[in-house]
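Commentary on secondary and tertiary structure
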Amino acid sequence: MFFIGIFGIQNKNEQIGTESAVICPVCERYGRFEIVKSYYYFHIFFIPVWRWNKRYYIQTHCCKRICELDQETGSKIEAGHSIVIEKEHIHRSEQPTISVCPSCSTQVDPSFHYCPYCGSQINS
Ligand SMILES: [Zn+2]
Ligand SMILES: [Zn+2]
C-alpha cells in the first residue's frame, strides 16, 4: 500500500514567547511563563495542508500550570505586540484544558474521545 504514511494528523505545539520576571497571572507570585500555540494539522507528504483548533496556552514555571489564553491576546502576542498578560486574559478552570493520551502521551483536545495520533480511547 503506497498511501500509508503520506498523510496524517499531527499536533504541534509552538513556543511563541517567554515572559520572565513578571507577576504570574495564575498564582500571583513573581515568576516566569511561556506562551505556547497549539494546533492540529493535516499533512500530505509532510506538508501541512489544513490547520484547525488553534489555541494559545501559557505554561507557568512557578506554579506548573497550563492555562488557556484568550485567542485574541494570543494572536496579538504571536504578531509581535507586547502585551502584559493579566488574569482576565487567561481561563482558569479546574477542568484540564489538555488531555494526555494514555497510550502515546500526545497532548490532545479533551473534546476528543479518540487520540488522533494513535487511535486509542481517551478517558477524560
Ligand atoms: Zn504561578
Ligand atoms: Zn495516542
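Figured I'd write up the structure that's included with this text. None of these values were measured; they are calculated from a predicted model.

**Quick word on the sheet that holds strand β4 (residues 66-69)**
- Within the open sheet, the five strands sit side by side as β1-β2-β3-β4-β5. Their pairing is antiparallel. The open sheet has two edge strands, β1 (7-23) and β5 (90-91), and neither has a second partner.
- Set on the sheet, helix α1 (residues 71-78) makes contact with β1, β2 (30-44), β3 (47-60) and β4; between it and β3 the angle comes to about 100°.

**Here we look at α1**
- Taken together, the buried positions of α1 are occupied by Thr 73, Gly 74 and Ile 77. Take α1 and look down its axis: the buried residues cluster within an arc of 100°, on one side only.
- Residues of α1 that are buried sit in contact with β1, β2, β3 and β4.
- Just past α1, the residue Gly 80 takes up positive phi, approximately 100°.

**So, the environment of Glu 68**
- When you line up the elements, Glu 68 lands in strand β4.
- Judged by its relative accessible area of 16%, Glu 68 is buried.
- Sequence spacing of Glu 68 and Ile 58 is 10 residues, and the spatial spacing of their C-alpha atoms is 6.4 Å.
- Within polar-contact distance, the side chain of Glu 68 engages the side chain of Arg 55 at 3.3 Å.

Rules used throughout
Residues numbered from 1 in each chain as written. Chains lettered and ligands numbered in written order. Predicted model: local features only at pLDDT ≥ 70, side-chain atom pairs only at ≥ 80, totals over all residues. Heavy atoms only, no water. Pairing = 2+ DSSP bridges. Helix = DSSP H or I, 4+ residues; strand = E, 2+ residues; numbered from the N terminus. Contact = heavy atoms within 4.5 Å. Axes fitted to C-alpha atoms, helices over the stretch in contact; angles between N-to-C directions. Buried < 20%, exposed > 50% of the residue type's maximum accessible area, 1.4 Å probe, protein only. Arc of directions from axis to C-beta. Polar contact = N/O pair within 3.5 Å; in protein donor to acceptor, adjacent residues only side chain to side chain.

Geometric values such as these leave the question of function open.
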